[in-house]
Amino acid sequence: LITLSTALIIGLFAIWVITKNLRSIISTVKSFQSGNMEARITEEAGKGELNLLANSFNEMADTIQGNIANLKAMENLRRELVGNVSHDLRTPLAVIHGYIETLMIKNDKLTNEERNKYLNTVFESSEKLKKLVEELFELSKLEAKQITPKKEPFYINELIHDISHKYELLLKRKNISLIPKFENDIMVVEADIALIERVLQNLIDNAIKFTPDGGKVTIETNEIDRYIEIRVSDTGKGIPEEQIPFVFDRYHIGDKRLSLDNQNTGLGLAIVKKILEIHDATIKLTSKLNQGTSFAFQLPQYKNG
């Protein structure tokens, strides 16, 4: 009996020692299951043969915690986007509704001049609404990675010339000069020509909007190793340094320049960034107050053979 009792005690003690670390691991797992996202298996509990299990659990917990943080961030962005979109949609809709209602109530009392003025206002508001919806749709497709660039070789300088011609009347009306500066005329890049055209249009639109009468917009192309750098610069008021990191965000409300142009949807530069991202390219911004702003990005140079 003494021998059996001693063996039983020794056996129970051995089992307790062996399962001590396992109990600690189970306790940590239950704590994580209960909502303690910071719970992790310690080195002491996960030593020996349980090391692989401990490391796997800790890595899984880190991944889950990271995914939850990303989901919360996305939810905050979604709420912010819904709020901003609701506000931007409400404004032109209210204008359209108000003027149409006025036309219906005072139809017989309005002069032709007043009627045309109201109709022009309705048309401009509907154009802004159309542009906003189109850009929201485009941005959502880019963010959902539903757009795949169809890369092909093309002459970047020719594309810039073609786009520049579209702005001749606007530039003349605003008394702004658009100056191309090309290192050489034969520069071939490999990218999606339609998407890069969209990038250049948005950057030129942005430059013209914030360049005062008598100013200038410059488009430069230069060879840098195996890439072609495209740079769009303006002589506008510039961007405060503290705002620069947020300029490519959707609806960058902090940018006081947006208030200067009621046709700005606040999505143009966000679209530029997303298009370049799917080209594995980045866009760089430099700006000095009262001197101007410059946007630059690089595309791979096409080498035949």
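Fair warning: this is a prediction, and the values are worked out from it, not measured in the lab.

Chemist: Just to check I follow, could you spell out the overall build of the protein for this structure?
Modeler: Along the protein, the regular secondary structure elements total seven helices and seven strands. Mapped in sequence order, the helices and strands of the protein form the string α-α-α-β-α-α-β-β-α-β-β-α-β-β. For the protein, the proportion of its 305 residues judged to be buried stands at 35%. Taking as baseline every contact in the protein between residues at least 6 positions apart, the subset at least 24 positions apart corresponds to 72%. In the structure as shown, the protein presents an accessible area of about 19400 Å², 56% of it carried by carbon and sulfur atoms.

Chemist: For this particular structure, what's the right way to read the packing of helix H4 (residues 156-165) against helix H6 (residues 193-209)?
Modeler: When two helices pack together, their arrangement is given by the angle between the helix axes and by the axis-to-axis distance. Interhelical geometry of H4 versus H6 gives an angle of 50 degrees and a closest axis separation of 11 Å. Between H4 and H6, the angle falls in the class oblique. When you trace H4 past H6, the crossing you get is right-handed. Residues Ile-156, Leu-159, Ile-160 and Ile-163 of H4 touch H6, and the partners they reach there are Ile-193, Ile-196, Glu-197, Leu-200, Gln-201 and Ile-204.

Chemist: Would you explain the sheet that holds strand S2 (residues 177-182) in this entry?
Modeler: Strand pairing within a sheet occurs via backbone hydrogen bonds; the two strands may be parallel or antiparallel. Here five strands make up an open sheet; going across it, the order is S2-S4-S5-S7-S6 and the pairing mixed. A single partner strand is all that each edge strand has here, and the edge strands are S2 and strand S6 (283-288). In this sheet, neighbouring strand axes are inclined to one another by 15 degrees on average, regardless of whether the strands run parallel or antiparallel. Here strand S5 (residues 227-234) pairs with strand S7 (residues 292-300) via seven bridges, running antiparallel. Among the inter-strand pairings, Glu-229 is bridged to a residue of S7, identified as Gln-298.

Reading the values: rules and limits
- Residues numbered from 1 in each chain as written.
- Predicted model: local features only at pLDDT ≥ 70, side-chain atom pairs only at ≥ 80, totals over all residues.
- Heavy atoms only, no water.
- Helix = DSSP H or I, 4+ residues; strand = E, 2+ residues; numbered from the N terminus.
- Buried < 20%, exposed > 50% of the residue type's maximum accessible area, 1.4 Å probe, protein only.
- Contact = heavy atoms within 4.5 Å.
- Areas by Shrake-Rupley, 256 points an atom, 1.4 Å probe, with all protein chains shown as cover.
- Axes fitted to C-alpha atoms, helices over the stretch in contact; angles between N-to-C directions.
- Parallel < 35°, antiparallel > 145°, perpendicular 65-115°, else oblique.
- Left-handed = near helix turned anticlockwise from the far one by under 90°.
- Pairing = 2+ DSSP bridges.

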